[in-house]
Amino acid sequence: MTDPWPRHWMAGPHALLEATRRMVRAAGGLSRLPPGRQAPPIAESPADQVWRAGKATLSRYRPTGGLDQGDAGMRRLGPVVIVHGLIGRQTMLDLEPKRSLVRRLLLAGTDVWVIDWGCPTRADRWCDTTDYAAHAIGDALEAIAAYTPRRPVLFGVCQGGVFAACHAALNPDRLSGLALAVTPIDFHADIEAPAIGRGQLNHWLRALPEGLLDALIADRGNIPGELTAAVFHGLAPGRWMARYTADLAEIADDPEALDTFLRMERWLADRPDQPGALAREWMIGLYRENRLVRGLFEVDGARVDLGRIACPVINIYARDDHIVPPPCSTALKRNLRNVAYTELEVPTGHVGAFVSKRAQGIVAPAMVDWLETLT
């Protein structure tokens, strides 16, 4: 019997050589970008700014005529107000035409709005959850009332989902619905349901000395966006290494995939700073002390009781989320009282719930079906 070992041994160098060639081709594709253009544009769905307060703005997306529904049907659902956090930007929901939750909602006849928090500076270091979850969202909803009499739906994503949930709890009669996506609610739920490869951010922030967090915030006033990016890279170093090696080599001969890669790079690089006061509440009050589900988290001088949310809720979580473990999101259900509750699992990771091919046929249809129940 011939020993197959040499044949398998030879497959290794050949595979390595081919991977190297693909990397060279990928690099060549990146180097051929037009002068002055680092990446394809993102978030191109047309929108009109209708309100501004400081650095925060509110925009209304223009309707998209994808269905034969007439003018009245162009905005038959909603209004839905996207509330992202400051850890990343809302542009993730409109990454490119084929990977855009915004466009899919517009095509279904949804009246979509979005809040953009802008770029906080040291002058904003005293801004806290009250400024975002109570005042800014409240003022934005008042601005929307001048355009439509229908009560809005808040659609909160990740940190923005905490803002939206707090606003809904403090203003139980203001909304027609609350949609949350990849949103942490019980920041210690991963302790009861640990999973390999998930919850590292939770463990890390709980383990850091509180004085170190305070010193970090005091030193800069804010948490730099670059530091936030570095922390997320460190949560899954193997994944990030593969992204810039094997994954990039795989798409070397696919210009469309390369464009998507570059769009993601643009989004990943655009992380605003976290205002110091908000960062302190987020990292210490929530991640370390779990104040939200303990009924101890205060916004605008009042304790947030999630049980006061009075509108229907849809809670979207990512099955393979390593940033917000699923139990931290699904804990919302046990903190609600007497409201219609819908839960949707997306078989992706945290960001993949919005930008992956698999998610495109899951999240938007589920959102539209849920919005139909509110009309």
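What counts, and where the lines are drawn
- Residues numbered from 1 in each chain as written.
- Predicted model: local features only at pLDDT ≥ 70, side-chain atom pairs only at ≥ 80, totals over all residues.
- Heavy atoms only, no water.
- Core = buried A, V, L, I, M, F, W, Y, C linked by side-chain atoms within 4.5 Å.
- Buried < 20%, exposed > 50% of the residue type's maximum accessible area, 1.4 Å probe, protein only.
- Helix = DSSP H or I, 4+ residues; strand = E, 2+ residues; numbered from the N terminus.
- Contact = heavy atoms within 4.5 Å.
- Phe/Tyr/Trp six-rings, centres within 6.5 Å; stacked < 30°, edge-to-face > 60°.
- Lys NZ or Arg CZ within 6 Å of the ring centre and 35° of its normal.
- Salt bridge = Lys/Arg side-chain N within 4 Å of Asp/Glu carboxyl O.

Visitor: Teacher, can you tell me more about the nonpolar core here?
Guide: Nonpolar side chains tend toward joint burial in soluble globular proteins. One finds Trp117, Phe155 and Phe354 to be the most contacted residues of the largest nonpolar core, which totals 105 residues. Examining the composition of this core, we find that nine residues originate from one element, helix H4 (residues 129-145), more than from any other. Among all residues touching Phe155, those that are not within four sequence positions of it are Val80, Val81, Ile82, Val83, Leu93, Leu101, Ala179, Leu180, Ala181, Phe354 and Met367. Judged by nonpolar contacts, the second largest core, of seven residues, contains Ala39, Leu258, Phe261 and Leu262.

Visitor: Explanation requested: the environment of Pro184 in the structure shown.
Guide: Counting through the fold element by element, Pro184 comes out in the loop between strand E8 (177-181) and helix H6 (189-192). Using a relative accessible area of 3% as the deciding quantity, one classes Pro184 as buried. Here the alpha-carbon distance between Pro184 and Ile323, two residues 139 residues apart in the chain, equals 9.3 Å. When near neighbours in sequence (up to four residues on either side) are disregarded, Pro184 contacts Cys158, Val162, Trp282, Val324, Cys328 and Ser329.

Visitor: In this structure, what is going on with the environment of Asn171? I would like to understand it.
Guide: Examined against the element boundaries, Asn171 turns out to sit in the loop between helix H5 (159-170) and E8. For Asn171, a relative accessible area of 25% corresponds to the partly exposed category. As a C-alpha pair, Asn171 and Gly138 span 33 residues in sequence and 9.2 Å in three-dimensional space.

Visitor: What's the story with the packing of aromatic side chains in this structure? I'm lost.
Guide: What describes a pair of aromatic rings is the distance from one ring centre to the other and the angle between the planes of the rings. For the structure on display, the rule yields seven aromatic pairs. Taken together, a centroid distance of 5.5 Å and an interplanar angle of 90° make the contact between Phe187 and Trp282 edge-to-face. Of the two residues, Phe187 is situated in the loop between E8 and H6 and Trp282 in helix H13 (residues 276-288); the sequence distance between them amounts to 95 residues. Comparing Phe187 with Trp282, the two get one shared label, buried. Judged by centre distance (5.8 Å) and plane angle (75°), the rings of Trp282 and Tyr287 are edge-to-face. Like Tyr287, Trp282 is buried. Taken together, the aromatic side chains of Trp117, Tyr132 and Phe163 make up a single cluster linked through ring pairs. Above the ring of Trp267, the side-chain terminus of Arg271 is found at 5.5 Å from the ring centroid.

Visitor: Looking at this model, I keep getting lost on the pattern of salt bridges. Mind explaining?
Guide: Side-chain pairing between opposite charges can occur once the charged atoms of the two side chains come close. Tallying each qualifying case throughout the model produces 20 salt bridges. Where Asp48 meets Arg62, a salt bridge forms, and the shortest distance between an N and an O atom there is 2.9 Å. Pair noted here: Asp48 is in strand E1 (residues 47-53) and Arg62 is in the loop between strand E2 (56-61) and helix H2 (70-73), with a separation of 14 residues, a long-range link. Assessed through its relative accessible area of 34%, Asp48 is described here as partly exposed. Here Asp270 ties to Arg89 by a salt bridge, and the two come within 2.9 Å at their closest N and O atoms. Of this pair, Asp270 sits in the loop between helix H12 (255-269) and strand E10 (274-275) while Arg89 is found in the loop between strand E3 (77-83) and strand E4 (94-96), placing the two residues 181 residues apart along the sequence. Residues joined by salt bridges that share partners form a network here, namely Arg60, Arg75 and Asp111.

Visitor: Looking at this model, I keep getting lost on the environment of Ala189. Mind explaining?
Guide: Here Ala189 lies in helix H6. Relative accessible area serves as the criterion here: at 3%, Ala189 is assigned to the buried category. C-alpha of Ala189 to C-alpha of Pro327: the two residues are 138 residues apart in sequence and 5.6 Å apart in space. Those residues in contact with Ala189 that lie beyond four places of it in its chain are Pro327, Cys328 and Arg334.

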